[in-house]
Amino acid sequence: MIQFTIEDRRGERQTLEIPEGIGLNLMEVLKASEYNILATCGGMALCATCHVEILDGGDSLTPVSDAELDILDTLPSATSCSRLACQLRVDETMLGTTFKIRGEEH
Amino acid sequence: MITTDICIIGAGPVGLFSVFEAGLLKMRCHLIDALPQIGGQLSEIYPQKPIYDIPGYPTIKAQELVDNLMLQIAPFNPSFTLGERVETIDKQEDGSMIVKTSDATEVHCQVVVIAGGLGCFEPRKPEIAGLEHFEGKGVAYMVKNPEKFRNKEIVIAGGGDSALDWTAYLADIAKTTTLIHRSDTFRGAPDSAEKVFALAEQGKINLILQSNVVSLNGNGHLKEVVVTGKDKNSYTVPSDYFIPLFGLSPKLGPIAEWGLNINKSAIEVNTLDYSTNVERIYAIGDINTYPGKLKLILTGFHEAAMMCQSAFKFVYPNQHLSFKYTTVNGVNAF
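Residues numbered from 1 in each chain as written. Chains lettered and ligands numbered in written order. Predicted model: local features only at pLDDT ≥ 70, side-chain atom pairs only at ≥ 80, totals over all residues.

Novice: Whenever I open this one, the overall build of chain B confuses me. Can you help?
Specialist: Summing up its helical and strand segments, chain B has 7 helices and 23 strands in all. Considering chain B as a whole, with its 334 residues, one finds that 42% of them fall into the buried category. (Helix = DSSP H or I, 4+ residues; strand = E, 2+ residues; numbered from the N terminus. Buried ≥ 20, exposed ≤ 12 C-beta atoms within 10 Å, placed from the backbone.)

As structure tokens, this is what we get:
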């Protein structure tokens, strides 16, 4: 099981346990876990509505790509710890990380 | 007033294909979209992305699909109102409807079809204290009429192409032009970024990097913006107008106020014909929801065809609808 923590917009935290090898990205897992995420573009790193901020850990995550940086740069609220959930594969690199949901709500 | 049979709200792929299906049944269409161009998400968000699940096309770029749809519906001569958001739908005594936009365009129609995708694309608003308070009093989210900014003190925030381009453009018009960007590099078009750096070197604009606008001050009208730099120190920059340019984001907008059953930002429909709870109003494509809904262009095309078969009775109440294949009947332009 891969465990990581999600903090919602109200600051409530929940630890998610996801089976290994599930082949989903974080945006898809958040949607499936009933988090309110727009994900307008469906995972193409184009809309930035699945913006998350890494609060803790995250050192092993796949590095941010140029396409992801381009779109993060358009976000007024982005920080140096910002990522797009749709670009993060849910696998062992995510273990122990805490993400805060920052993207716009429905 | 524009008069038509079907008023389609949303000029994305599903709205466009509705014109074809309506045209086969001799129903005329007028389309309205909040964006200044047709194509919806496909043109606005991912024009160059290949799509692989359009039947008959192993791969097609999003913009190509939009262009092809325009060719396909050309025989039915649709009309368009672009760059205007639909605000209200008023039912008339005879059952017909009048659709009104933000710019007071009025469309009289027998049927309204909402093919609104994710809603209206609206400017993304940064989290800045006092921002909404100064909307229309110094805060603008787009440059509609550059002359408004002549000899004024302008502050632009953002790092994308529109922030770069408007900074360069307003440098010649405004009294002062300041661009404030969170990072020290720009990821917009390299040419635009170079131009802005050159203007800063020439002293024609103020370029403030690695900084954020954190709050706005003024008395009735905006007077200054408060900027925080990398060193966390805050200072003010005089500003008649503040223009945050952070792209567009979809919002349901006025659709939520039309008396339709809404579930999680989507309109509930009857899968028999994709009608809503309000007679003569249909919802198709990504904007609708029903058990088993798949948000695919493919699904939206199917919904468009089914919707037209049902809408026919409102446009031609005294006629019997007989289904005909295009292979038999061809496409009869009007």
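Novice: Looking at this structure, how should I read the overall build of chain A?
Specialist: A count of helices and strands for chain A gives 2 helices and 5 strands. Secondary structure elements of chain A occur, N-terminal to C-terminal, as β-β-α-β-α-β-β. By the compact-globule yardstick of 13 Å for 106 residues, chain A fits well, its C-alpha radius of gyration being 12 Å. The principal-axis extents of the C-alpha atoms in chain A amount to approximately 35 × 25 × 25 Å. Taken across its 106 residues, chain A has 37% of its residues classed as buried. (Rg over C-alpha atoms; globule rule 2.2 N^0.38 Å.)

Novice: I would appreciate a short explanation of helix α1 (residues 13–24) of chain B in the present structure.
Specialist: Count 3.6 residues to each turn of an α-helix, and residues three or four apart come out pointing the same way. Residues and elements named next belong to chain B. Across its 12 residues, α1 extends 17 Å between first and last C-alpha, which sits within 8% of the 16 Å expected from 1.5 Å per residue. Residues of α1 that are buried: P13, V14, G15, L16, F17, S18, V19, F20, E21, A22, G23 and L24. Downstream of α1 by one or two residues, K26 has phi in the positive range, about 65°. (Expected span 1.5 Å × (residues − 1).)

Novice: Please explain the interface of chain A and chain B as it appears in this structure.
Specialist: Often the size quoted for an interface is simply the accessible area lost on bringing the parts together. Taken together, the contact between chain A and chain B spans 16 residues of the former and 19 residues of the latter. Partitioned by chemical class, the residues of the side of chain A that touches chain B number 8 nonpolar, 5 polar and 3 charged. (Contact = placed C-beta atoms within 7 Å. Nonpolar A, V, L, I, M, F, W, Y, C, P; charged D, E, K, R; others polar.)

Novice: Whenever I open this one, the confidence of the model for chain A confuses me. Can you help?
Specialist: Should the pLDDT be low somewhere, the predicted coordinates at that spot are not to be read in detail. With 99% of its residues at a pLDDT of 70 or more, chain A shows a mean pLDDT of 90. Looking at the elements of chain A, mean pLDDT is at its lowest for helix α2 (residues 66–72) of chain A, recorded as 84, and at its highest for strand β5 (residues 98–101) of chain A, recorded as 97. (pLDDT = per-residue confidence, 0-100.)

Novice: What should I look at first to understand the sheet that holds strand β15 (residues 212–219) of chain B in this one?
Specialist: In a beta sheet, neighbouring strands pair by backbone hydrogen bonds and run either parallel or antiparallel. Residues and elements named next belong to chain B. What the 3 strands build is an open sheet, ordered β15-β16-β17; its pairing is antiparallel. The sheet is open, and its two edges are formed by β15 and β17 (234–238), each paired on a single side. Strand after strand, the sheet turns through a mean of 30° between neighbouring axes, direction not considered. Here strand β16 (residues 221–228) runs beside β17; their pairing, made up of 5 bridges, is antiparallel. Within the sheet, the bridge partner assigned to V226 lies in β17 and is T236. (Pairing = 2+ DSSP bridges. Axes fitted to C-alpha atoms, helices over the stretch in contact; angles between N-to-C directions.)

Novice: Explanation requested: the nonpolar core in the structure shown.
Specialist: For soluble globular proteins, the rule of thumb is that nonpolar side chains tend to be buried together. Counting 55 residues, the largest nonpolar core has A85 of chain A together with I156 of chain B as the members making the most contacts within it. Sequence-distant contacts of I156 of chain B, defined by excluding residues within four places in its chain, comprise A163, W166, T167, T178, L179, I243 and L245 of chain B. Membership of the second largest hydrophobic core comes to 53 residues, among which are I6, I8, M27 and V269 of chain B. (Core = buried A, V, L, I, M, F, W, Y, C linked by C-beta atoms within 7 Å.)

Novice: I would appreciate a short explanation of the pairing of strand β10 (residues 111–114) of chain B in the present structure.
Specialist: Along a regular strand, successive side chains alternate from one face of the sheet to the other. Residue and element names in this part refer to chain B. The alternating pattern of β10 places V111 and V113 on one face and V112 and I114 on the opposite face, and all of these are buried. For strand β2 (residues 6–9) and β10, the ladder comprises 4 bridges, and the chain directions are parallel. Residue pairing across strands places I9 opposite I114, the latter belonging to β10. Bridging between β10 and strand β22 (residues 281–283) involves 3 bridges; their strand directions are parallel.

Novice: I'm lost on the pairing of strand β13 (residues 176–180) of chain B in this one. Help?
Specialist: Residue and element names in this part refer to chain B. Most of β13 sits inside the fold, with 4 of its 5 residues counted as buried. One ladder, built from 5 bridges, connects strand β12 (residues 153–157) with β13; its direction is parallel. Paired with A157 across the strands is I180, a residue of β13. Traced from β12 through helix α4 (residues 161–170) to β13, the parallel crossover comes out right-handed. Where β13 lies against strand β14 (residues 206–208), 3 bridges are found, and the strand directions are parallel. Its bridge partner lying in β14, L179 is registered against L207. In terms of handedness, the path from β13 via helix α5 (residues 190–201) over to β14 forms a crossover that is right-handed. (Right-handed = clockwise from strand over helix to strand, strands pointing away.)

Novice: Can you help me understand the sheet that holds strand β8 (residues 97–101) of chain B in this one?
Specialist: Strand order across the open sheet formed by 4 strands is β1-β9-β8-β7 (chain B), with mixed pairing between neighbours. Two strands in the sheet have a free side with no partner beyond their single neighbour: β1 (2–3) and β7 (86–91) of chain B.

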